[in-house]
Amino acid sequence: MLLICAIWGYNFVASKIAVSQFPPVFFTGLRFLGLALLMIPWLKWQKGQMKLVLPSALLMGTLHFALMFNGIALADDVSVVAVVVQLGVPISTLMAWAMLGERVRWKRGLGIALAFLGTMIISFDPRVFSYKGAILYCLGSVFAMSYGQILVRRIQGVDTFTMQAWVGAISGPSLLLISFLVEDGQMQSAMDASWVHWGMVAYAVLGVSLIGHGGAYFLLRRYPVSIVNPGFTLAPILGIVSGIVFLGERLSERVLIGAALTLVGVLIVTLREAKVAEARGALPEEPAVKPEPNRIAGE
């Protein structure tokens, strides 16, 4: 779990380095093209489920990452981005309540309120005002991922690796097409990129997607949800530490307080959802009932 959280946490720094060279959507397209090539053995047509698989892949891949990496490119502090994207946990809970009729009791309600309060405190930091657009991009990416997860909850009989294969196959080409429509300088950025920049692309494909997500799936299939999921909240904390260590970022007291409130709120929601899942007898290997809710933590 420490390895997975470290990979996801450092991914914010790696992405910041990558988008300093590549246009954001182009970098995202390269990542998913690489993922699609590696996941070809799992790319199989899912009879009766593609009407949910295709839109969820577009939301969780193309739209989510295009918005998030644009946000990372615009933000001065990746630490703030690492915290903001954690709103996916409470937002997906609220969307499940509104769209699936799931009940939200007072403990989860408290966690949701704390998470949003923490983000509001961060947003009013004077330094953050200069890149409000980055936060809006990240919030948009969170909503896209959350809605995609709502669709995933309705999918039956499709395992994680098959879903990953479809996300890569759909997102890679579509993101590259979008990049060539709305961005420029892709070929020049690729030719001028150093081994460090290409290393960040490889890191996103091999580290974040294969080791990170594959390792999370390994844990979720073998240990109780209530043990595994709360541990994933360590990823944004390591993301903040990575920003300080590798990028020399400095966090104000307001950002630190807001980050603490947000992460505590996310932890409350995660713990409560894990208990509810166990009470209903939802097993980790049943993704149609309980998908990996915290995958947003560093994708």
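Residues numbered from 1 in each chain as written. Predicted model: local features only at pLDDT ≥ 70, side-chain atom pairs only at ≥ 80, totals over all residues. Heavy atoms only, no water.

Q: Just checking my understanding: could you explain the side chain of His197 for this structure?
A: Within the fold, His197 resides in helix 10 (residues 195-222). Accessibility expressed as a relative area gives 15% for His197, which makes it buried. His197 has contacts with Ile17, Ser20, Gln21 and Phe22, leaving out every residue within four places of it along the chain. (Helix = DSSP H or I, 4+ residues; strand = E, 2+ residues; numbered from the N terminus. Buried < 20%, exposed > 50% of the residue type's maximum accessible area, 1.4 Å probe, protein only. Contact = heavy atoms within 4.5 Å.)

Q: I would appreciate a short explanation of a nonpolar patch on the surface in the present structure.
A: Side chains of Ile237, Val241, Ile244, Val245, Phe246 and Leu247 sit close together on the surface and give an oily, nonpolar patch of about 520 Å² of accessible area. Topologically, Ile237 is positioned in helix 12 (residues 234-247). (Patch = residues over 30% accessible without salt bridge, like charges linked within 9 Å, V, L, I, M, F, W, Y side chains within 5 Å. Areas by Shrake-Rupley, 256 points an atom, 1.4 Å probe, with all protein chains shown as cover. Salt bridge = Lys/Arg side-chain N within 4 Å of Asp/Glu carboxyl O.)

Q: What should I look at first to understand the packing of helix 1 (residues 2-19) against helix 12 in this one?
A: Packed helices, taken two at a time, are described by the angle their axes make and the gap between the axes. Where helix 1 meets helix 12, the closest approach of the two axes is 8 Å, and the angle between their N-to-C directions is 45°. It follows that helix 1 is oblique to helix 12 by the angle criterion. In this structure, helix 1 crosses over helix 12, and the sense of that crossing is right-handed. Here Leu2, Cys5, Ala6, Trp8, Gly9, Tyr10, Phe12, Val13 and Lys16 of helix 1 come into contact with helix 12, specifically with Leu234, Ala235, Leu238, Gly239, Ser242, Gly243, Phe246 and Leu247. When its residues are assigned to classes, the contact of helix 1 with helix 12 shows 12 nonpolar, four polar and one charged. (Axes fitted to C-alpha atoms, helices over the stretch in contact; angles between N-to-C directions. Parallel < 35°, antiparallel > 145°, perpendicular 65-115°, else oblique. Left-handed = near helix turned anticlockwise from the far one by under 90°. Nonpolar A, V, L, I, M, F, W, Y, C, P; charged D, E, K, R; others polar.)

Q: Help me understand helix 12, please; the structure alone is not making it clear to me.
A: Since the α-helix advances by 3.6 residues per turn, residues separated by three or four positions end up pointing in the same direction. The terminal C-alpha atoms of helix 12 lie 19 Å apart, and with 14 residues this matches the ideal 20 Å at 1.5 Å per residue to within 8%. Within the span of helix 12, buried status applies to Ala235, Pro236, Gly239, Ile240, Ser242 and Gly243. Looking down the long axis of helix 12, one finds its buried residues gathered within 160° of arc, a one-sided arrangement. Positive phi appears at Gly248, one or two residues downstream of helix 12, with a value of about 65°. (Expected span 1.5 Å × (residues − 1). Arc of directions from axis to C-beta.)

Q: Looking at this structure, how should I read the packing of aromatic side chains?
A: One pair of aromatic rings is described through two measures. These are the centre distance and the angle between the planes. Scanning the entire structure with this criterion turns up 10 aromatic pairs. Ring centres 6.2 Å apart and planes at 55° place the aromatic pair Phe22 and Phe26 in the tilted group. For the residue pair Phe22 and Phe26, the accessibility class agrees, reading buried in each case. Summarising the aromatic geometry, the rings of Trp42 and Phe161 are spaced 5.7 Å apart at their centres and angled 35° between planes, so their arrangement reads as tilted. On the criterion of sequence distance, the pair formed by Trp42 in the loop between helix 2 (24-38) and helix 3 (50-74) and Phe161 in helix 8 (residues 160-182) is long-range, its members being 119 residues apart. According to the relative accessible area criterion, Phe161 is partly exposed, its value standing at 29%. Connected via pairs of aromatic rings, a cluster forms that spans Phe22, Phe26, Phe180 and Trp198. (Phe/Tyr/Trp six-rings, centres within 6.5 Å; stacked < 30°, edge-to-face > 60°.)

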